[in-house]
Amino acid sequence: MQNETLKRLIKNGAIWAFIIIQLVFFEVAGRWWSLSDSAFMDLDNMLLLLKQSAPIGIIAIGMTVVMINGNIDLSVGATYALAGIVMLDSMNWPFMEAMGDAAIPLAWLFALFTGAILGLINGVIVWKTGVDAFIVTLGAMLGYRGLVFMYNGENPTYHLNWTMVDFAEADILGLQTPALVFIAVVLIVWLLMTRTVHGRNAYAIGDNREAAVNAGIRVGPHIVVNFVLIGFLAALSAVAFYSGSGSVNPNDGMLFELWAITAVVLGGTKLAGGRGSIIGTLGGVIAIQLLRKGLGHIGADTETVNLVIGTILIAVLFLDRQLNRKGAEELKV
Amino acid sequence: MADQAMKSLGSVLARQGILVAFILFMVSFTLWNPRFIDVDNVFGVIRSSAILGIMALGVTFVVIGGNLDLSVGSMLSFSAIVVLDLHENPAFGPALAIPAMFAMTLCLGAINGFLIGYLRLNSLIVTLGMLSAIHGLTLTYSGGQNMDIANQNETWFDVFGRGEALGIPIPVLIFLLLAAFLGIVLAKTPFGRKVYAVGGNGTAATFSGIPRARVVFMTYLISAFCVATAGLIQASRTMGAQNTVGQGMELEVLAAVILGGASLLGGSGTIFKTVIGVLILGFIQNGLLLAGLEFYVQFVVTWIIIILAVWLDIATKRGKLWSPIA
Amino acid sequence: AQTITIGITQNNVGVDSYQTTYEQAFIAAAEANPDVEVVVLDAGGDVARQIAQIQDLIQQEVDAMIIWPTNGQAVIPAVREAYQAGIPVIITNSNIAEDGFDFVRSFSGPDNITQGARAAEIMCERFTDMGIQDEAQIVQITGQPGYTTAIERAEGFEQRLPEVCPNVTLMESQPGNWNREDAQRVMEAFLVQYDDIDGVYSGDDNMGVGALNAALAAGRAEDITFVGATNFAVGYDAMERGEYWGSIYQSPVDDAQAALQTALDILAGEDVPFLNYFDTPKITQENMGEFDRPVF
Amino acid sequence: MTDHTPALRLKGIVKTFPGVRALDGVSFSVLPGEVHALMGENGAGKSTLMKVLGGIYQPDAGKIFIEERETEMRGPLEAKANGVMFIHQELSLAEELSVAENIYLGELPRKSFGRVDWATLYSRTDAILEKLKVGFNARTLVGDLSIANQQMVEIARALTVDAKAVIFDEPTASLTDAEKVVLFDVIEGLKAQGVGIIYISHRMEEIFKMTDRISVLRDGEYRGTLNTAETNEDEITQMMIGRSLDISRNVEQVELGPVALRVENLSCGHLFEDATFEVREGEVLGFYGLVGAGRTEIAETLFGLRKPTSGQIYLKGEAVKITSPIDAIAKGISLVPESRKEQGLVLGMNCRDNMTLPQVADLTAGPFVSDGAEISIYDQYRDRLSIKSPSWKTAVGNLSGGNQQKIVIGKWLSMQPEVLIVDEPTRGIDVGSKSEIHNLLRGLAKQGYAVIVISSEMPEVLHVSDRIVAMYHGRIMREFCATEVTEDSLIQAISGIEGTAA
Ligand SMILES: Nc1ncnc2c1ncn2[C@@H]1O[C@H](COP(=O)(O)OP(=O)(O)OP(=O)(O)O)[C@@H](O)[C@H]1O
Ligand SMILES: Nc1ncnc2c1ncn2[C@@H]1O[C@H](COP(=O)(O)OP(=O)(O)OP(=O)(O)O)[C@@H](O)[C@H]1O
Ligand SMILES: O[C@@H]1[C@@H](O)[C@H](O)OC[C@H]1O
Ligand SMILES: [Mg+2]
Ligand SMILES: [Mg+2]
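Residues numbered from 1 in each chain as written. Chains lettered and ligands numbered in written order. Predicted model: local features only at pLDDT ≥ 70, side-chain atom pairs only at ≥ 80, totals over all residues. Heavy atoms only, no water.

**Q** In this structure, what is going on with the overall build of chain D? I would like to understand it.
**A** For chain D, the helix and strand inventory stands at 17 helices and 22 strands. The C-alpha radius of gyration of chain D comes to 23 Å, within 12% of the 23 Å expected for a compact globule of 502 residues. Judged by the C-alpha coordinates and their principal axes, chain D covers about 70 × 50 × 50 Å. In chain D, which comprises 502 residues, the proportion classed as buried is 59%. Taking the contacts inside chain D whose residues are at least 6 apart along the sequence as the reference set, 65% of them involve residues at least 24 apart. A total of about 19,100 Å² of accessible surface is found on chain D, and carbon and sulfur atoms cover 48% of it. Here chain D holds 52 positive side-chain charges and 70 negative ones, and the gap between their average locations is 4 Å. (Helix = DSSP H or I, 4+ residues; strand = E, 2+ residues; numbered from the N terminus. Rg over C-alpha atoms; globule rule 2.2 N^0.38 Å. Buried < 20%, exposed > 50% of the residue type's maximum accessible area, 1.4 Å probe, protein only. Contact = heavy atoms within 4.5 Å. Areas by Shrake-Rupley, 256 points an atom, 1.4 Å probe, with all protein chains shown as cover. Lys, Arg positive; Asp, Glu negative; His and termini not counted. Charge placed at Lys NZ, Arg CZ, Asp CG, Glu CD.)

**Q** Hey, could you run me through the arrangement of the chains in this one?
**A** When the 5 pairs of chains in contact are ranked by number of contacts, first place goes to chains A and B. Spatially, chain C and chain D are disjoint, and the shortest separation between their C-alpha atoms is 35 Å.

**Q** In this structure, what is going on with the domain arrangement of chain D? I would like to understand it.
**A** When the parts come together, some accessible area is lost, and that loss is often what is quoted as the size of the interface. All names here are of chain D. Examined at the domain level, chain D breaks down into domain 1 (8-241), domain 2 (256-332 + 419-502) and domain 3 (340-416). One C-alpha centre belongs to domain 1, the other to domain 3; they are set 30 Å apart. With 8 residues of domain 1 at the contact, the number on the domain 3 side is 9 residues. Summing both partners gives a buried area of about 620 Å² for domain 1 against domain 3, and 41% of it is carried by carbon and sulfur. When the buried area of domain 1 at its contact with domain 3 is split by residue, N42, G43 and E90 rank highest and sum to 64% of it. The tally of links between domain 1 and domain 3 comes to 2 salt bridges. A salt bridge links K388 to D219, with the shortest nitrogen-to-oxygen separation between them at 3.8 Å. Summed over the shared surface of domain 1 and domain 3, the result is 3 residue pairs in polar contact (both at pLDDT 80 or more). Here the residues of the side of domain 1 that touches domain 3 sort into 1 nonpolar, 4 polar and 3 charged. (Domains from an automatic or database assignment. Buried area = accessible area lost by both parts, 1.4 Å probe. Salt bridge = Lys/Arg side-chain N within 4 Å of Asp/Glu carboxyl O. Polar contact = N/O pair within 3.5 Å; in protein donor to acceptor, adjacent residues only side chain to side chain. Nonpolar A, V, L, I, M, F, W, Y, C, P; charged D, E, K, R; others polar.)

**Q** Got a minute to help me understand the state of the cysteines in this structure?
**A** Two cysteines joined by a covalent bond between their sulfur atoms form a disulfide. Considering all chains together, one arrives at 1 disulfide over all chains under this definition. Each sulfur of the disulfide joining C124 of chain C and C165 of chain C lies 2.1 Å from the other. One quick way to see it: the torsion about the S-S bond of C124 of chain C and C165 of chain C is about 80°, and its sign makes the bridge right-handed. Residue C124 of chain C is found in helix α4 (residues 112-130), and its partner C165 of chain C is found in the loop between α5 (148-164) and β7 (169-175); the two are separated by 41 residues along the sequence. A single burial state applies to C124 of chain C and to C165 of chain C, both of which are buried. Free cysteine C107 of chain B: the closest other cysteine sulfur is in C226 of chain B, separated by 17 Å. On the basis of relative accessible area, C107 of chain B is assigned to the partly exposed category, the value being 47%. (Disulfide = S-S within 2.5 Å.)

**Q** What is the right way to look at the pairing of strand β13 (residues 284-289) of chain D in this model?
**A** Put simply, side chains in a regular strand alternate between the two faces of the sheet. All names here are of chain D. The element β13 is extensively covered by neighbouring structure, given that 6 of its 6 residues are classed as buried. Residues V284, G286 and Y288 of β13 are buried on one face, and the alternating residues L285, F287 and G289, pointing to the opposite face, are buried as well. With 5 bridges connecting them, β13 and strand β20 (residues 450-455) associate as parallel partners. By the bridge assignment for β20, F287 is matched with I454. With 5 bridges joining them, β13 and strand β21 (residues 467-472) adopt parallel strand pairing. Looking at β21, one finds that G286 is bridged to I468. (Pairing = 2+ DSSP bridges.)

**Q** What exactly am I supposed to notice about the interface of chain B and chain D here?
**A** The interface is formed by 18 residues belonging to chain B together with 29 residues belonging to chain D. Summed over both sides, the interface between chain B and chain D buries roughly 1,700 Å², with carbon and sulfur atoms accounting for 70% of that surface. The largest contributions to the chain B side of the interface with chain D come from R193, F207 and S208 of chain B, which together make up 43% of the buried area. The interface formed by chain B and chain D holds 2 salt bridges in total. Salt-bridge contacts for R193 of chain B lead to D353 of chain D; the nearest nitrogen and oxygen are separated by 3.4 Å. For the pair chain B and chain D, the number of links is 8 residue pairs in polar contact (both at pLDDT 80 or more). Elements with a contribution of two residues or more to the side of chain B that touches chain D: α8 (170-188), α9 (190-200) and α10 (202-207) of chain B.

**Q** Mind showing me how you'd approach the sheet that holds strand β5 (residues 69-71) of chain D here?
**A** What links the strands of a sheet is backbone hydrogen bonding, and the strands pair in either a parallel or an antiparallel sense. Residues and elements named next belong to chain D. Spatial strand order, β2-β1-β4-β5: 4 strands in an open sheet with antiparallel pairing. Among the strands making up the open sheet, the edge pair consists of β2 (20-30) and β5. On average, adjacent strands in this sheet sit at an angle of 30° to one another, irrespective of strand direction. Two strands pair when backbone bridges link them, and strand β1 (residues 8-17) and β2 are joined in this way by 8 bridges, in the antiparallel orientation. Within β2, the residue paired with K15 across the bridge is L23. Here helix α1 (residues 46-53) sits on the sheet in contact with β1, β2 and β4 (61-66), set at roughly 115° to β1. (Axes fitted to C-alpha atoms, helices over the stretch in contact; angles between N-to-C directions.)

**Q** Is there a simple way to explain the pairing of β7 of chain C in this structure?
**A** All names here are of chain C. Bridge count for strand β6 (residues 137-142) against β7 is 6 bridges, and the pairing is parallel. Residue V139 lies in a different strand from β7, and its bridge partner there is E172. A crossover links β6 with its parallel partner β7, the connecting element being α5, and its sense is right-handed. (Right-handed = clockwise from strand over helix to strand, strands pointing away.)

**Q** What exactly am I supposed to notice about the site of ligand 1 here?
**A** Residue and element names in this part refer to chain D. The local shell around ligand 1 holds 20 residues, among which K46, S47, T48, N398 and G402 are the closest. With respect to ligand 1, the backbone of G402 contributes an N or O atom lying 2.8 Å from an oxygen atom. Contact with the protein chains covers 87% of the free accessible surface of ligand 1, which is 630 Å². If you list the elements that add at least two residues to the shell around ligand 1, you get β2, α1 and α14 (401-413). (Near = heavy atom within 4 Å.)

**Q** Teacher, can you tell me more about the coordination of the magnesium ion (ligand 5) here?
**A** Under perfect tetrahedral coordination by four donors, a metal shows angles of 109.5 degrees; under perfect octahedral coordination by six donors, it shows angles of 90 or 180 degrees. Residues and elements named next belong to chain D. Every protein donor of the magnesium ion (ligand 5) is accounted for by T296 (OG1) and E338 (OE), and the metal-donor separations fall at 2.0 to 2.1 Å. Of this pair, T296 sits in helix α9 (residues 295-302) while E338 sits in the loop between β16 (333-336) and α11 (340-344), and the two are 42 residues apart along the sequence. We classify E338 as partly exposed; its relative accessible area is 25%. (Donors = N, O, S within 2.8 Å, 3.2 Å for Na, K, Ca; no water.)

**Q** What exactly am I supposed to notice about the sheet that holds strand β11 (residues 259-268) of chain D here?
**A** All names here are of chain D. Ordered by their spatial adjacency, 4 strands build an open sheet running β12-β11-β14-β15, and the pairing between neighbours is antiparallel. The outermost strands of the open sheet, each flanked by one partner alone, are β12 (272-280) and β15 (318-320). Neighbouring strand axes in the sheet, compared pairwise and without regard to direction, differ in orientation by 20° on average. For β11 and strand β14 (residues 310-315), the ladder comprises 5 bridges, and the chain directions are antiparallel. Each residue of the ladder has a partner; that of S267, found in β14, is S310.

**Q** Sorry, what's going on with the side chain of S223 of chain B here?
**A** All names here are of chain B. Relative to the assigned elements, S223 resides in helix α11 (residues 212-238). Here D69 takes part through its side chain, which lies 3.0 Å from a polar atom of the side chain of S223. Ignoring anything within four residues of it in the chain, the contact list for S223 reads G58, V59, V62, D69 and V72.

**Q** Explain the confidence of the model for chain D here, please?
**A** Residues shown with low pLDDT carry predicted positions that ought not to be read at fine detail. Put simply, chain D has an average pLDDT of 90, and 97% of its residues get 70 or more. Prediction confidence for the complex, expressed as pTM and ipTM, is 0.89 and 0.87 respectively. (pLDDT = per-residue confidence, 0-100.)

Right under this line is the structure:
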């Protein structure tokens, strides 16, 4: 048992090793290159890191579930934007305005509901038509983005409410609301995936769909639930973020899907499904955010940032492979 | 006899749901706006789809081989920027700029192929990493500046994007010829067979003495070659380029390939179907634009058409409308 | 003197040469001043990333902060944080929404509404010269949807046009995303759709040249008046060839230098106007001799 | 068998696939406490029938009765709820999950909030595993188990519910004798509880040992039911394939040629060590051992799939290094791999293309693959191996298990190798084809090929080999001459009881 745990740790260790290397590197390099006197590995800075990781992080957690399940969701960026729009726009509705600040939680609910519905639509299409989730959500990525634009033309949707901003910037022990939401999501979904029947079935379906069908798991509804979950989480991410920013650009969230998937895969989740871990994804998300932050800290310019991020993604993958090698006796296939 | 023909036509169509979807779609748009089927417009659409289409041809090989290539968009920017820059460089000129650009783009393809084929790294992440890295490379190369051809009237470089032969736009010609050539390679040669085998079951392919790594490597070279060709047309069509010309095209290209019916799991798909996928996307975009719809309405309609088309395709294959998943 | 550190988070470097040239000019201007150190960050067009960068700059305790907003509203709360941390904030190139004015010391950049209005005037004058001011039909290609500059230019243009040329019809607008290829594709469809197009207004010259390319290919460029904004070198060259009519002259170098200077003035305690516009004159085939070829 | 209400009765079941009438009005019944064999050639429709019964396929026509109550099986869960348990022919497991989760897949015990009740799950599972006397526990990941142990996990599912009927679809295909003994105990146990059992197998000795009655399918049609005690192999074979078989050992002595392959002190880490053996032209060398003994690894090394850590390989007396399958094929070695699904076939590809895959580069006319050349190879081996497939265009994945195996064999035979290695060549193959394949292997030897047969079936090794190498724990324990070996000495050698290496 002990041994197994250790083995798993090493297997998923690449991402954490990489995080530590980054921390050390940016701390040391920062002293040479950075213009600011503040240390990189400062506690406040690390807490900030968690907050900054939240928008993609919360979505990546949902993506982990969907990917373990053997599917994928490319529409999360658009869902995120649409949920944000519903949240902010709803606060301009007359009856909501009349409610004053009491409208805030209601606006959040509207947003979350929107996300869940969009997820539901994807899920039901995947289930009922049997069209691959990749295509369904690739289509939805466009379609939902179209809905985003339909809402307000090419203009941003705007509602600045300082109570809401203050709530978003409130903190417990230095952790601001988005960071707290992120941590809570990680915890809950981790419990879901490791402790519940639904979570275990998600692995089974992703690993061997036929076996799951044969065992009598109702695969269709199960998949739908996970799409609703990721839609909900994309909306939750929007709630956490837009409460603190107050305006949605119709292009917001573009490329979020790719970054979320990157974080998930870096965290050790198999693209084909059946394997993956929430904690690994947490590592993947932190690693990416850390990289951006660190490169900014040492003053790298745009082209370097792009070059380095690209190279590092590949390097982590390589490292991961080396750690998981079986040695010389391995079958050469 | 005619009966026989109808019957076999019927059975062909039953297997080609995507083709049926395409035809249905073309007919309904023409009814809406007859200009849609205007010869000029049709060539116009194919011409502007040619860039995406040529990229999709290469990606078809990659996808059938069981991998993804998300780097094609940023590789396109790279090749367009490079060929324009070299064109302006007196030491090169157009005649040398083109082969030099092809060589450089193929190097990028070789990096993809090496990492994914030989080192067996996950193609999604590798090519996503390459997407970012190549963008950085392009920016470094160009210093972030747009590249433009200064003396546009003194070069024959515009022939690739704007020229015509036999009344057919050159990009269309290149697209169709390349599609025919690669279609034959894929369907008729031993190499093509190997791509299917490697994508269908890599282990079994290895056990059958197929050099899996080399085959995968080759698919990325083909993809890069197609991107270079597309980049050439792109650069020539606009006679200049921004560093972001190809940005975002990766997913569009993939959509065309998948829409055509290639499976992301590898092992299935054909060039012909990819061409259909490309044309569907191109004509949707054009048709909706002609219909005068706001671009965002186009998005929504594209979503619906993509799903209906693929659904029709698989429903005809399985002989049932609804999926059998419980 | 003590060195001062100024942080900037730029909109999206590398998206076109305007932004790149801006960045280079900004760095060059800072290097020319021995007392100034700069931290240059690029938001890559992503609002969330820009907000994170603003927070990072606060964390790094820069002396002043310059922001080229990806969204002029969404950054307001982050700007407030900077304000609360006692860091003076300067907005550059495209302004933030009024709600944020309290937290900002100054805006430095072009007046995009005026730019749009001027483009309308250029277009109208040209039509009047040609004698088609009462029947001309035009189309518009706008910048990146949602981006303040794009919206403001379209707004200025659409407001001003009916004032000066009430009978010109704007038939349709489609976005070209600041992208030449996209604009070219949009224009190709316009050309099929409309048999009579007299003018095209594009949110910048990059897109304008894309539209021109499409018209050239269709053999209809001669009949069309092309007006753009942000006179890029391609636009200038096309004007020189007589294919492109006019644009708005806007230098990223001026833009960058003005932003840095504004920041320095504020830190030096000088009085700085809140709206610090630099001039962006009209440029057409007629007066282009007065302007240098743009470097970007 | 006092109770004469059948546990299960099928009536007029019809099921068609595109181009195939897989079941054509099949009816038969199973009594409680009876082990009922279902037999038929590869592709006769056995698995399909069972999938109908298990709720996985919906029949086009026909009825199912459980204890004489008409029951519709709309899904696997419904089948389970009606007391029908199904142990699949092809492993149907999630490798990333634990043994316990796999055994209770679809019905994990729950606590509040949908949580898994791990304590119950593990204790129930361990209780079942105890009965099966396996060497792993409830928490082991299925992916870490050998194929044989994975099969045991499948079998364990039969014990999770109070079933009225249990279906075993070729459960022994990848089990060794020791595990078979356990399986048979399990079946006896179920039988004693009055469960009706359907048992599918191509192995006659098991059929006669285990079953009470035998029903035979042929080309999707029901051919009749026999009492096991009152019939014999020949009669069943007649019913299955319409003719009798000559299954006497083909001991005809051939003139052995020179040594084709010689292996000296070959090792690959601890997978196998110090292997020394040779095989001559015209000879069949059998490799016998328990699963995990390292036979497959030797074969893989000879085929260039593993890098030996020491030792030497000689082909026709010449020292060679084999670096890849391509290299091996070029040197005249062919390997029919152990796992047809993972290693042998591209399931989505058609039959012909699968068969010609290793030589596709040579079957060309100009730069193109020659359709004619491919089809002629396919036709030739389809006939030779009596492969049943609607057409060469059929995807291999739609063939029955046995016919898939034949495609793999055809693929490597058509390479006309000098050294042919076959690893578990007749796994899941019907008696008729099995004897054809045995004859084929003998025939190849006669033509001067050197053949190595790896098998976990003692009758098979005894039947086809000239010499037999016994392996235990990665080492070659002894070498026997096939005509002189006794079953006892073989069993001792592969169990490590006899410690002397040959
Ligand atoms: N999903 C499917 N699609 C098309 N044809 C199928 C499918 N499944 C089975 N068949 C066909 O149905 C027939 C019966 O196959 P089945 O698997 O039931 O045979 P079997 O008796 O179990 O054979 P074996 O002994 O080889 O396992 C075969 O001809 C097979 O090719
Ligand atoms: N006792 C063991 N110790 C270590 N590894 C084992 C042991 N038994 C099996 N394995 C590993 O598990 C895998 C299981 O493979 P499998 O059950 O097919 O056995 P095998 O080696 O192919 O058997 P054989 O050579 O007898 O066919 C083997 O590749 C081997 O590496
Ligand atoms: O081209 C654009 C320019 O006109 C505007 O001022 O800033 C953003 C640029 O992309
Ligand atoms: Mg079967
Ligand atoms: Mg074996």
